[in-house]
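Residue strings, one per chain:
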Amino acid sequence: MSATTRRTTDEETRMKVGFIGLGAMGSAMASNLLAAGHAVTVWNRSAAATEPLASLGAKVARTADRAAQGEVLCSMLANDQAVREVFLDGGLLDAMDRGTVHVNHATISVALAQQLAEEHAKRGLAYVAAPVFGRPDMAAAAKLNILVAGQSAAIERVRPLLEAMGSKLWPLGDAPERANVAKIAGNFMLAAAIESMAEATALTRAHGVSAANFLEVMTNTLFAAPAYQGYGKLIAEQRFKPAGFALPLGLKDVELALTAGSAARVPLPFAGVLRDSLLEALAADDAELDWSALALVAARRAHLDERG
């Protein structure tokens, strides 16, 4: 449901929720839980990120385990390493009470998703994988599309929280890793769309047709879809800062796709092309740019700026 149609909960349905990982996405998602009337305790490695949420009524935990004292713990950490360090190596799973539901919104590898499901089950914890599609502005507006996989009873328990953060839930079965592989595959498709626009606009620019003019045609005709329209606008306007999804994260997700493909013996030849394009962007010190800056890589390959 959208931000304009969300209703606050009553006392009977108010849930005690922990939220850890307060980057641009996590902060926006946690703020929507607060807006829906839930009691939210937040934790982040960098304490400064908790201050805006504290001003909205969140409690701030000094340690991750103190944020995990409620009925549900949501997490939005950056990558496999961060998830491992906090939940496995850091002992957070051992500190959680039996019956607690952990909702993991991070984009992580299939292998780690499977391991987490096993480790939660050993401790009597419920585990729901709920990665999201959407950039920070969509998270702030509670318009995320949320992929959901895990035991149905656990999903039903956290449904009010997920509906407070997103516009639609997409159930994908009992095995949590199914949500993760779908998220990885979806991000692979987004990267492919960006790369195709990057190369196509380099071609049109070389023949005197601006990226803006070309992409206006494409995103209103053959490719009139949100992904093409949103990223096409960024490419046309050369608006790569601030990054809604930074290039290193794009590389991480394409590499997750390659790893998942190798594990299942599924060739992904174009994923290799994307990986190299992303590496080329990072080699040019573009790490702080949005991954739509793949358009810069295509332009540099064609030496467009040198042509005048």
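Residues numbered from 1 in each chain as written. Predicted model: local features only at pLDDT ≥ 70, side-chain atom pairs only at ≥ 80, totals over all residues. Heavy atoms only, no water.

Enquirer: Is there a simple way to explain the overall build of the protein in this structure?
Expert: Within the protein one finds 15 helices and nine strands. For the C-alpha atoms alone, the extent of the protein along its principal axes is close to 65 × 45 × 35 Å. Classification of the 308 residues of the protein by burial places 47% in the buried group. Expressed as a percentage of contacts within the protein between residues at least 6 apart in sequence, the contacts between residues at least 24 apart total 67%. When the accessible surface of the protein is totalled, it reaches about 14,600 Å², and 55% of it is carbon and sulfur. Averaging the positions of the 29 positive and the 32 negative side-chain charges in the protein gives two centres separated by 3 Å. (Helix = DSSP H or I, 4+ residues; strand = E, 2+ residues; numbered from the N terminus. Buried < 20%, exposed > 50% of the residue type's maximum accessible area, 1.4 Å probe, protein only. Contact = heavy atoms within 4.5 Å. Areas by Shrake-Rupley, 256 points an atom, 1.4 Å probe, with all protein chains shown as cover. Lys, Arg positive; Asp, Glu negative; His and termini not counted. Charge placed at Lys NZ, Arg CZ, Asp CG, Glu CD.)

Enquirer: Please explain the nonpolar core as it appears in this structure.
Expert: For soluble globular proteins, the rule of thumb is that nonpolar side chains tend to be buried together. Residues Tyr231, Leu247, Val254, Leu278, Trp291 and Leu294 are the most contacted members of the largest nonpolar core, which totals 37 residues. Listed by contribution, the elements that provide at least two residues to this core are helix H9 (177–206), helix H10 (211–218), helix H11 (226–237), helix H12 (247–263), helix H13 (269–283) and helix H14 (294–301). The contacts of Trp291, once residues within four sequence positions are left out, are Arg135, Asn187, Leu190, Ala191, Ile194, Tyr231, Phe245, Ala246, Leu247 and Gly250. Judged by nonpolar contacts, the second largest core, of 35 residues, contains Ala30, Leu53, Val72 and Val103. (Core = buried A, V, L, I, M, F, W, Y, C linked by side-chain atoms within 4.5 Å.)

Enquirer: In this structure, what is going on with the pattern of salt bridges? I would like to understand it.
Expert: Oppositely charged side chains are able to pair whenever their charged atoms sit close together. All chains considered together, the criterion is met by 16 salt bridges. Overlapping salt bridges, with partners in common, bring together Asp94, Glu119, Lys122 and Arg123 in one network. (Salt bridge = Lys/Arg side-chain N within 4 Å of Asp/Glu carboxyl O.)

Enquirer: Got a minute to help me understand the pairing of strand S1 (residues 16–20) in this structure?
Expert: For S1, a buried count of four out of five residues is recorded, marking the element as mostly surrounded by other parts of the structure. The pairing of S1 with strand S2 (residues 39–43) spans five bridges and is classified as parallel. Residue pairing across strands places Ile20 opposite Trp43, the latter belonging to S2. What joins S1 to S2 is helix H1 (residues 24–35), and the crossover it makes is right-handed. When S1 meets strand S4 (residues 72–75), the two strands line up parallel, connected through four bridges. In the sheet register, Val17 faces S4, and the bridge partner there is Val72. (Pairing = 2+ DSSP bridges. Right-handed = clockwise from strand over helix to strand, strands pointing away.)

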